[in-house]
Amino acid sequence: SGITLFISSHYGITLLKKVFPTKVTHVDILDKVTIGSALIFLTCSNFIMIEYSNFTGVILLFIIFRSLARICSPVTEATIMKHYKRNGKNVGQVFGAIALLNSLSMLIVPPILLRIYGVTIGIKPELFLYFPLGCCLLALTSCLCLNLQEPADNASSISFSENTATVTVAIRLPSPSYGTDS
């Protein structure tokens, strides 16, 4: 997994940087393509385990796809950091929040999946894999719906107090284009 992450991050990102322009201060097409492709690998790995779980060699294909999807986490963290680096403060707090969310998800999700597996083992043992597949499809859909625009200086404001954090982001949606009657 670590070797695949190293190869995909070093050679894959280097190749993509030659094709796509990169931005330092906000999400760019390279981030979107990298996260999207990682989510596709993740979705495929879950789908393969559900559909072809009876075949022995499927676990190797699952491991390969899952290893290729490992680039998603560092790229997502770096993309989040692009937004906070622009403001020049609270980067450590954001890293702490990301680590906290990661730890909480590792604490909460496995018991949920084990409970689903315990309930459905008599019916269909791989039914618990539909939950991660649904989450992957939701994340992939969200990634595909991202709109890459140059942020305005007043598009977001971030303020922190001692115990709470408030993030306000202005979202600009494209206006619908309706057919005009002549």
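Residues numbered from 1 in each chain as written. Predicted model: local features only at pLDDT ≥ 70, side-chain atom pairs only at ≥ 80, totals over all residues. Heavy atoms only, no water.

(A) Up close: the packing of aromatic side chains. Scanning all chains against the criterion turns up three aromatic pairs. Pairing Tyr-117 with Phe-128 gives two aromatic rings, centres 5.0 Å apart and planes at 75°, and the pair type is edge-to-face. Residue Tyr-117 is located in helix H5 (residues 91–120), and its partner Phe-128 is located in the loop between H5 and helix H6 (130–144); the two are separated by 11 residues in the primary sequence. For Tyr-117, a relative accessible area of 31% gives the class partly exposed. The class for Phe-128 is partly exposed, based on a relative accessible area of 22%. (Phe/Tyr/Trp six-rings, centres within 6.5 Å; stacked < 30°, edge-to-face > 60°. Helix = DSSP H or I, 4+ residues; strand = E, 2+ residues; numbered from the N terminus. Buried < 20%, exposed > 50% of the residue type's maximum accessible area, 1.4 Å probe, protein only.)

(B) Main features of the environment of Ser-67. Along the chain, the position of Ser-67 falls in helix H3 (residues 58–68). Residue Ser-67 is classed as buried on the basis of its relative accessible area of 6%. On a C-alpha basis, the gap between Ser-67 and Phe-41 in space is 8.7 Å, while along the polypeptide they are 26 residues apart.

(C) Up close: the confidence of the model for the protein chain. Here the protein chain averages 76 in pLDDT, and 74% of its residues register 70 or above. Low pLDDT, under 50, characterises residues 154–182; the predicted model gives this stretch 28 contacts beyond four residues in sequence or across chains. (pLDDT = per-residue confidence, 0-100. Contact = heavy atoms within 4.5 Å.)

(D) Up close: the packing of helix H2 (residues 29–51) against H3. It is the contact of H2 with H3, at a shortest axis distance of 8 Å, that shows an interaxial angle of 160°. The angle between H2 and H3 falls in the class roughly antiparallel. At the point where H2 passes H3, the crossing takes the left-handed sense. When H2 is examined against H3, the residues Phe-41, Leu-42, Cys-44, Ser-45, Asn-46, Ile-48 and Met-49 are found in contact with a partner set consisting of Val-58, Ile-59, Leu-61, Phe-62, Phe-65, Arg-66 and Leu-68. Classifying every residue of the contact of H2 with H3 by side-chain character gives 11 nonpolar, two polar and one charged. (Axes fitted to C-alpha atoms, helices over the stretch in contact; angles between N-to-C directions. Parallel < 35°, antiparallel > 145°, perpendicular 65-115°, else oblique. Left-handed = near helix turned anticlockwise from the far one by under 90°. Nonpolar A, V, L, I, M, F, W, Y, C, P; charged D, E, K, R; others polar.)

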